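What follows is the residue order along each chain.
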Amino acid sequence: MDARTESDTSSMKNRTTAERKSERELVVTRTFHAPARIVFEAWTRPELLKRWWAPKSIGITFISCEVDARTGGTYRFVFGHPASEQPMAFFGRYIEVTPYSRLVWTNDEGGEGGAVTTVTFDERGGETLVVMSDLYPSKEALDGAIASGSTSGVDETFKQLDELLVTLGASVGR
Amino acid sequence: MVQYSHARFDDSFAALSDATRRGVLERLGRTDASITELADKFHMTLTGMKKHVAILEQVGLVTTEKVGRVRTCKLGPRRLEEEAAWIERYRQLWAARFDALDKVVEELQQKEKSDGRKNRE
């Protein structure tokens, strides 16, 4: 509901949608008022990527951005975050790079459970529909990604509570 | 976004403060299960497992349905709300990126026009 009101002010075409398409897949879509060639460049040239991948509102800043957007090439994004001393690195390999139409890369920072990201650029009448799909290796991997983003803090709290209860139980037993 | 009353949060907190009940949620996240299956899996009596499930059901983390003699448990609406909230945050992240990308794309188009060239290089 609230997500819809926000887009009423701008054209529906500019709306970003996100959906869990299946047990293993998340899909994000957005239309850009530009030819696919131009949008594709902004996804594959590091100096351009750097300018939009970490907008101010999401609270992270680029420390470095290495991109070799060729089939078999690799990428590595390193970000800083005010709440963390350690920089965060995101990296992987381009499985497929087809100019102006398709990008496929791995997300290897999380080890085995990482998704494979496919981005397609579909140009129609001077506009380009971008569809980004994250395909996880299993339902558990996607559930895990969602759970770690939504409840990790809570889980941590419960773990501490468990420990506290054990301690309390032990002291009562004494 | 979604606000829960304090009472509800406290109840959920209590419901989740037990390792078995968290295990049950994890198990149901993979697939639905009957009370009997859950009791076996966590080496418990049926009565013991029924109590755990009842507590989870009270706070909306689990729903159950009885078909014939079997009571099947699945994740409740609360879990689904959490997932929906996560997807919405994910959407907002990409919406913010794409708004920034709009500006980059616009600039590239302007530059191309002023360069008066259609080709990439």
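Residues numbered from 1 in each chain as written. Chains lettered and ligands numbered in written order. Predicted model: local features only at pLDDT ≥ 70, side-chain atom pairs only at ≥ 80, totals over all residues.

1. Describing the interface of chain B and chain A
Note the following rule: Contact between residues is assigned whenever the C-beta positions, reconstructed from backbone atoms, fall within 7 Å. Helix and strand labels come from DSSP, where a helix needs a run of H or I of at least four residues and a strand needs a run of E of at least two; each type is numbered from the N terminus. In this count, Pro and Cys sit with the nonpolar residues alongside Ala, Val, Leu, Ile, Met, Phe, Trp and Tyr, while Asp, Glu, Lys and Arg are called charged and the others, Gly among them, polar.
In this complex, chain B contributes 28 residues to the contact, which on the side of chain A involves 31 residues. Here the side of chain B that touches chain A takes 21 residues from helix H5 (residues 77-115) of chain B, the largest share from any one element. Among the residues making up the side of chain B that touches chain A, the classes are represented as 16 nonpolar, three polar and nine charged.

2. Things to note about helix H2 (residues 36-44) of chain A
Operational definition: Partly exposed residues are those falling between the two cut-offs: more than 12 but fewer than 20 other C-beta atoms within 10 Å of their own, whereas 20 or more means buried and 12 or fewer means exposed, with C-beta atoms placed from the backbone.
With respect to burial, H2 of chain A is a largely interior element, eight of its nine residues being buried. Looking only at H2 of chain A, the buried set comprises Ala 36, Ile 38, Val 39, Phe 40, Glu 41, Ala 42, Trp 43 and Thr 44 of chain A.

3. Notes on unusual backbone geometry
Of note in the backbone geometry, Tyr 100 of chain A takes a positive phi value of approximately 70° without being a glycine. Structurally, Tyr 100 of chain A is set in the loop between strand S5 (84-98) and strand S6 (102-106). Judged by local crowding, Tyr 100 of chain A falls into the partly exposed class, with 16 C-beta atoms found within 10 Å. Here His 43 of chain B, not a glycine, exhibits a phi torsion of approximately 50°, which is positive. The exposed category is assigned to His 43 of chain B, around which 9 C-beta atoms lie within 10 Å.

4. A word on the sheet that holds strand S3 (residues 70-75) of chain B
To summarise the sheet geometry, strands pair through backbone hydrogen bonds and adopt either a parallel or an antiparallel arrangement. All names here are of chain B. What counts, and what does not: Strand pairing is assigned whenever DSSP identifies at least 2 bridges connecting the two strands. Helix axes are fitted only over the stretch in contact, all axes being lines through C-alpha atoms; the angle between N-to-C directions runs from 0 to 180 degrees.
Read across the open sheet, the three strands follow the order S1-S3-S2; overall the sheet is antiparallel. Here the strands that pair on one side only, and so sit at the sheet edges, are strand S1 (33-34) and strand S2 (62-67). Across the sheet, helix H2 (residues 19-30) touches S1, S2 and S3, and the angle it forms with S3 is around 90°.

5. Regarding the sheet that holds strand S1 (residues 17-20) of chain A
All names here are of chain A. Spatially, the eight strands line up as an open sheet ordered S1-S2-S8-S7-S6-S5-S4-S3, and their pairing is antiparallel. Either end of the sheet is taken by a strand with one partner, and the two such strands are S1 and strand S3 (61-67). When strand polarity is set aside, the average angle formed by the axes of neighbouring strands in this sheet is 20°. Pairing of S1 with strand S2 (residues 25-32) involves four bridges; the strand directions are antiparallel.

6. Comments concerning the confidence of the model for chain A
Residue and element names in this part refer to chain A. Rule in force here: For every residue, the predictor states its confidence as a pLDDT score lying anywhere from 0 to 100.
In the predicted model, chain A carries a mean pLDDT of 82, and 77% of its residues have values of at least 70. Predicted confidence is poor over residues 1-10, with pLDDT under 50, and the contacts of this stretch with residues over four places away or in other chains come to three contacts. Overall, residues 150-160 carries pLDDT values under 50, and its contacts beyond four positions in sequence, including any with other chains, amount to seven contacts.

7. Examining the nonpolar core
Here is the rule: A set of buried Ala, Val, Leu, Ile, Met, Phe, Trp, Tyr and Cys residues, joined to one another through C-beta atoms within 7 Å, is what we call a nonpolar core.
Formed by 24 residues in total, the largest nonpolar core has its most connected members in Val 39, Ala 42 and Trp 43 of chain A together with Val 105 of chain B. Of all elements in the fold, only H2, helix H3 (46-52), strand S4 (74-81) and S6 of chain A together with H5 of chain B reach the threshold of two or more residues within this core. The dominant element in this core, judged by the number of residues it contributes, is H2 of chain A, at six residues. Non-local contacts of Val 39 of chain A, meaning those with residues more than four positions away in its chain, are made with Phe 32, Ala 34, Phe 121, Thr 128 and Val 130 of chain A together with Val 105 of chain B. Val 24, Leu 28, Leu 56 and Cys 73 of chain B belong to the second largest nonpolar core, which has 14 residues in total.

8. A short note on the packing of H2 of chain A against H5 of chain B
Quick reminder of the rule: The scheme is simple: roughly parallel for angles under 35 degrees, roughly antiparallel for over 145, roughly perpendicular for 65 to 115, oblique for anything else. We call a crossing left-handed when the near helix sits turned anticlockwise from the far one by less than a right angle, and right-handed when that turn is clockwise.
Their axes nearest at 10 Å, the elements H2 of chain A and H5 of chain B cross at an angle of 120°. Taken together, the axes of H2 of chain A and H5 of chain B are oblique relative to one another. In this structure, H2 of chain A crosses over H5 of chain B, and the sense of that crossing is right-handed. Where H2 of chain A abuts H5 of chain B, its residues Ile 38, Val 39, Glu 41 and Ala 42 of chain A lie against Leu 101, Val 104, Val 105, Leu 108 and Gln 109 of chain B. Partitioned by chemical class, the residues of the contact of H2 of chain A with H5 of chain B number seven nonpolar, one polar and one charged.

9. Some details on the environment of Thr 16 of chain A
Inspection of the secondary structure assignment puts Thr 16 of chain A in the loop between helix H1 (2-8) and S1. Accessibility expressed as a C-beta count within 10 Å gives 22 for Thr 16 of chain A, which makes it buried. In this structure the C-alpha to C-alpha distance between Thr 16 of chain A and Val 28 of chain A, which are twelve residues apart in sequence, comes to 6.9 Å. Residues in contact with Thr 16 of chain A, not counting those within four places in the same chain, are Val 28 and Arg 30 of chain A together with Arg 91, Trp 94, Ala 95 and Phe 98 of chain B.

10. Overview of the pairing of strand S7 (residues 116-124) of chain A
Residues and elements named next belong to chain A. Here S6 pairs with S7 via five bridges, running antiparallel. Within S7, the position partnered with Thr 106 by the bridge is Val 116. As judged from the nine bridges shared by S7 and strand S8 (residues 127-135), these two strands associate in the antiparallel manner. By the bridge assignment for S8, Thr 118 is matched with Ser 133. As consecutive antiparallel partners, S7 and S8 are separated by two residues, and within that stretch Gly 125 has a phi angle of approximately 55°, a positive value.

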